[in-house]
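# Overview (structure and organization)
Here is what each chain is made of, one letter per residue.
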Amino acid sequence: MGSSNRLFNRQRTVHEILGGGLVADVMLWRKGNLTMGILLVTLAAWVVFEKSGYTLLSLVSNVFLLLIVILFLWAKSAAILNRPAPPLPELYLSEEMVNEAGAFIQAHVNDFLSASRDMALGKDARLFFKAAAYLLLISIVGSLTDFLTLGYTSLFVVLTIPAFYERYEDYIDSYTILGCRKMQQLYVKFDSKFVNQFRKWILERQKLS
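Analysis parameters
- Once a new chain begins, its residue numbering starts again from 1 and follows that chain's sequence as written.
- The model is predicted, so local features are restricted to residues of pLDDT at least 70 and side-chain atom pairs to those at 80 or more, both for listing and for counting; the totals for chains, interfaces and linings are taken over all residues.
- The basis for the side-chain values is all heavy atoms of the structure; hydrogens and waters are excluded.
- UniProt positions are given in the numbering used here, feature names are shortened, and annotations may be inferred rather than shown by experiment.
- Strands are runs of DSSP state E lasting at least 2 residues, helices are runs of H or I lasting at least 4, and numbering of each runs from the N terminus.
- When we talk radius of gyration, it's over C-alpha atoms, and the globule rule is simply 2.2 Å times the number of residues to the 0.38.
- Three labels apply to residues, based on accessible area from a 1.4 Å probe with only protein chains included: buried if under 20% of the type maximum, exposed if over 50%, partly exposed otherwise in between.
- In what follows, a contact means two residues having at least one pair of non-hydrogen atoms within 4.5 Å.
- Note on areas: Shrake-Rupley with a 1.4 Å probe; residue coverage comes only from the protein chains shown.
- None of His or the chain ends enter the tally, which takes Lys and Arg as positive and Asp and Glu as negative.
- Charge placement uses NZ in Lys and CZ in Arg. For Asp and Glu, CG and CD serve respectively.
- Any two of the Phe, Tyr and Trp rings considered here, Trp counted by its six-membered ring, make a pair once their centres fall within 6.5 Å; the pair's planes then place it as stacked at under 30 degrees, edge-to-face at over 60, or tilted in between.
- Expected span of a helix: the number of residues minus one, times 1.5 Å.
- Each C-beta atom gives one direction from the helix axis, and the arc is the one those directions make.
- Only C-alpha atoms enter the line fits that serve as axes; for helices the fit covers just the stretch in contact. Angles between N-to-C directions range over 0 to 180 degrees.
- Here roughly perpendicular refers to angles of 65 to 115 degrees, roughly parallel to angles under 35, roughly antiparallel to angles over 145, and oblique to all remaining angles.
- Crossing handedness is read from the near helix: turned anticlockwise from the far helix by less than a right angle, it gives a left-handed crossing, and turned clockwise, a right-handed one.

By the naming in an unreviewed UniProt entry, the protein chain is Reticulon-like protein, taken from Hibiscus sabdariffa. Regarding the protein chain, the UniProt comment filed under Subcellular location (unreviewed entry) reads as follows: "Endoplasmic reticulum membrane".

To continue, consider the overall build of the protein chain. Scanning the protein chain for helices and strands turns up 9 helices and 0 strands. A compact globule built from 209 residues would reach a C-alpha radius of gyration of about 17 Å, whereas the protein chain, at 28 Å, exceeds it by more than 25%. Scored against the burial criterion, the 209 residues of the protein chain give a buried share of 12%. Residue pairs in contact within the protein chain that sit at least 24 positions apart in sequence constitute 51% of those at least 6 positions apart. Approximately 17200 Å² of the protein chain is accessible, and the part contributed by carbon and sulfur atoms is 67%. Taking the average location of the 21 positive side-chain charges in the protein chain and that of its 17 negative ones, the two points are 12 Å from each other.

This next bit is on the packing of aromatic side chains. As enumerated under the stated definition, the model contains 3 aromatic pairs in all. Taken together, a centroid distance of 6.2 Å and an interplanar angle of 20 degrees make the contact between tryptophan 46 and tyrosine 152 stacked. With tryptophan 46 in helix α3 (residues 32–52) and tyrosine 152 in helix α7 (residues 147–158), this residue pair connects regions lying 106 residues apart in the sequence. What makes tyrosine 152 buried here is its relative accessible area of 19%. Their ring planes at 70 degrees and their centres at 5.2 Å tell us that phenylalanine 128 and phenylalanine 129 sit as a pair that is edge-to-face. In this structure phenylalanine 129 comes out as exposed when scored by relative accessible area, which is 56%.

A few words on α3. With 21 residues, α3 ought to run about 30 Å at 1.5 Å a step, and its terminal C-alpha atoms sit 30 Å apart, in line with that. Taken together, the buried positions of α3 are occupied by Thr35, Leu39 and Phe49. Looking down the long axis of α3, one finds its buried residues gathered within 95 degrees of arc, a one-sided arrangement. Opposite the buried face of α3, at more than 90 degrees from it, the exposed residues are Asn33, Leu40, Val41 and Lys51. Buried residues in α3 make contact with α2 (22–27), α4 (56–81) and α7. Immediately downstream of α3, the backbone of glycine 53 shows phi near 85 degrees, a positive value.

Further remarks concern the UniProt feature "transmembrane region" (unreviewed entry) in the protein chain. Mapped onto the present numbering, the UniProt feature "transmembrane region" (unreviewed entry) falls on residues 32–49, 55–75 and 127–144. Along residues 32–49, the helical share is 100% and the strand share 0%, with 26 Å between the first and last C-alpha atoms. Between the end C-alpha atoms of residues 127–144 there is a gap of 26 Å, over a span that is 100% helix and 0% strand.

All right, on to unusual backbone geometry then. One non-glycine residue, tryptophan 29, lies in positive phi territory at about 60 degrees. Note that tryptophan 29 resides in the loop between α2 and α3. Even without being glycine, asparagine 82 reaches a positive phi, approximately 55 degrees. Within the fold, asparagine 82 resides in the loop between α4 and α5 (95–120). For asparagine 82, a relative accessible area of 69% gives the class exposed.

As for its position among the elements, threonine 149 is in helix α7. Leave out the neighbours within four places in its chain, and threonine 149 touches Trp46 and Glu50.

At a closest axis distance of 10 Å, the pairing of α3 and α7 adopts a crossing angle of 165 degrees. Overall, the two elements α3 and α7 adopt an arrangement that is roughly antiparallel. α3 and α7 meet at a crossing whose hand is left-handed. Between α3 and α7, the residues in contact are Ile38, Leu39, Thr42, Leu43, Trp46, Phe49 and Glu50 and Leu148, Thr149, Tyr152, Leu155 and Phe156, respectively.

Written out as structure tokens, the structure is:
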């Protein structure tokens, strides 16, 4: 299918649009075992949180507690029995990594603050309405479900919809474009039949007044 028959006349493939790296491979099931593993692990985590009453903080604390206890006992027993210590990697943050992370965070925070200021001062009405719509949508979704369920559902959608679209993109694109053309035709008919008549009526009223 040519680019003229693609949605938005795009030239790139779905894999290229998603970055073309490991993330794209996972989202499009190019690495099926890894994608399935992520879904199963997150499903197991969701079940644990929902059924056991654990919170994220308590679960993480318990996991870290179990980990440091195991490593501590391993190291002590290795010293007594003259065995090798646990093979832990060197945990170290270089100054370059910290500077890069700081610069990244600073740039995005400054962009957010600048956009917030423009909205608060009424300089960007389009951005204001877009932000208000997103916040309203988040509020509605948040009232219907909890954070964990929303997170797992979002992950499930991210790992299924792009792959489904890539597999059937010829059919989806053709039917979507056909539907958009039908909607445009209906809009033209509606505009010519009702909107134009309404405009004429307004002009006539203005002339009479």
